[in-house]
Amino acid sequence: MSDKEFGGTDDLSLPKGASSTTYTADDVHSAEAKKLPAATVQKIINEVLASPSILALTGDIAGSGTATMTFAKETRDLLIECCVEFITMLSSEANEIAEKEAKKTIACEHITKALEELGFGEYVPDCQAVAGNFKTTQVTREKKQSKIEQSGLTNDELIRAQEELFRSAGEKYTSVASPGDG
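Not measured: the values here are computed from a predicted model.

*Asks:* Account for the overall build of the protein chain, with residues named and values stated.
*Replies:* If you tally the helices and strands in the protein chain, you get eight helices and zero strands. In the protein chain, the succession of helices and strands from N to C terminus is α-α-α-α-α-α-α-α. Each of the 182 residues in the protein chain was classed as buried or not, and the buried ones make up 17%. Taking all contacts inside the protein chain whose residues are at least 6 apart in sequence as the whole, residues at least 24 apart take part in 42%. Carbon and sulfur atoms make up 58% of the accessible area of the protein chain, which totals about 13,800 Å².

Written as structure tokens, this is what we have:
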């Protein structure tokens, strides 16, 4: 892993569709360039603080299910920065692994190798379980229908309806344009 990867010149830190020549290093490292949604992070924090294992550690013997510990805003912001840095580091490592294999797309196995190489091997089984669950839900989820499919009309009926709409729009245009011409 090279130092330049975490210096802001890697494409992973750029907004979608931007090239590295579009932004300076200061732009890339601005607060808005790399950010996780604070509300989402706060929701995760609340779920973790209300988890049975944390409640047991904080002395919630009765099991009320409410967190007795809070997270300061500054602490949440620090956590967000740490998460972004971790994601950047993991993505860069996975990218290097993919490039060594002459792959243009980072796959799950590249992420798991990167986790192991960075010393986070204990997270690999959980990541593989999440990836497996995602693949399962992708296969079993219902395909979203487009508006055309939802209409229940045949292609011929859709074409006739479109032609009627064009004719109607043309008539409205000519009726509005004609009185002002004379």
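*Asks:* Now, about the environment of glutamate 101: what can you tell me, with residues and values included?
*Replies:* Relative to the helices and strands, glutamate 101 resides in the loop between helix H4 (73–100) and helix H5 (108–117). Sequence-distant contacts of glutamate 101, that is, excluding residues within four places in its chain, are made with His110 and Lys113. Among the polar contacts made by the side chain of glutamate 101, one reaches the side chain of histidine 110 at a distance of 2.9 Å.

*Asks:* An account of unusual backbone geometry is requested, with residue identities and associated values reported.
*Replies:* Residue alanine 102 is not a glycine yet carries a positive backbone phi of 60°. In this structure, alanine 102 sits in the loop between H4 and H5. The class for alanine 102 is exposed, based on a relative accessible area of 68%.

*Asks:* Help me get a handle on the nonpolar core, residues and values and all.
*Replies:* Formed by Leu90, Ala94, Ile97, Ala114, Leu115, Leu118 and Val124, the largest nonpolar core amounts to seven residues. Those elements giving two or more residues to this core turn out to be H4 and H5. With three residues, the single largest contributor to this core is H4. Here alanine 94 is in contact with Ile106, His110, Ile111 and Ala114, once residues within four sequence places are set aside.

*Asks:* So what's going on with the packing of helix H2 (residues 38–49) against H4? Which residues, and what values?
*Replies:* The geometry of H2 relative to H4 is characterised by a closest axis approach of 10 Å and an angle of 105° between their N-to-C directions. Classed by the angle they form, the pair H2 and H4 counts as roughly perpendicular. Taken together, the residues of H4 that come into contact with H2 (itself represented by Ala38, Val41, Gln42 and Ile45) are Arg76, Leu79 and Ile80. Classifying every residue of the contact of H2 with H4 by side-chain character gives five nonpolar, one polar and one charged.

*Asks:* An account of the side chain of threonine 112 is requested, with residue identities and associated values reported.
*Replies:* Here threonine 112 is to be found in helix H5. On the basis of relative accessible area, threonine 112 is assigned to the buried category, the value being 13%. When near neighbours in sequence (up to four residues on either side) are disregarded, threonine 112 contacts Val124 and Gln128.

*Asks:* I'd like a description of the state of the cysteines, backed by residues and values.
*Replies:* Counted according to the given criterion, the structure contains zero disulfides. Sulfur of cysteine 82: no disulfide; nearest cysteine sulfur belongs to cysteine 83 and is 7.0 Å away. Residue cysteine 82 is classed as partly exposed on the basis of its relative accessible area of 45%. For the unlinked cysteine cysteine 108, the closest cysteine sulfur is that of cysteine 127, found at 8.9 Å.

Reading guide: rules and limits
Residues numbered from 1 in each chain as written. Predicted model: local features only at pLDDT ≥ 70, side-chain atom pairs only at ≥ 80, totals over all residues. Heavy atoms only, no water. Helix = DSSP H or I, 4+ residues; strand = E, 2+ residues; numbered from the N terminus. Buried < 20%, exposed > 50% of the residue type's maximum accessible area, 1.4 Å probe, protein only. Contact = heavy atoms within 4.5 Å. Areas by Shrake-Rupley, 256 points an atom, 1.4 Å probe, with all protein chains shown as cover. Polar contact = N/O pair within 3.5 Å; in protein donor to acceptor, adjacent residues only side chain to side chain. Core = buried A, V, L, I, M, F, W, Y, C linked by side-chain atoms within 4.5 Å. Axes fitted to C-alpha atoms, helices over the stretch in contact; angles between N-to-C directions. Parallel < 35°, antiparallel > 145°, perpendicular 65-115°, else oblique. Nonpolar A, V, L, I, M, F, W, Y, C, P; charged D, E, K, R; others polar. Disulfide = S-S within 2.5 Å.

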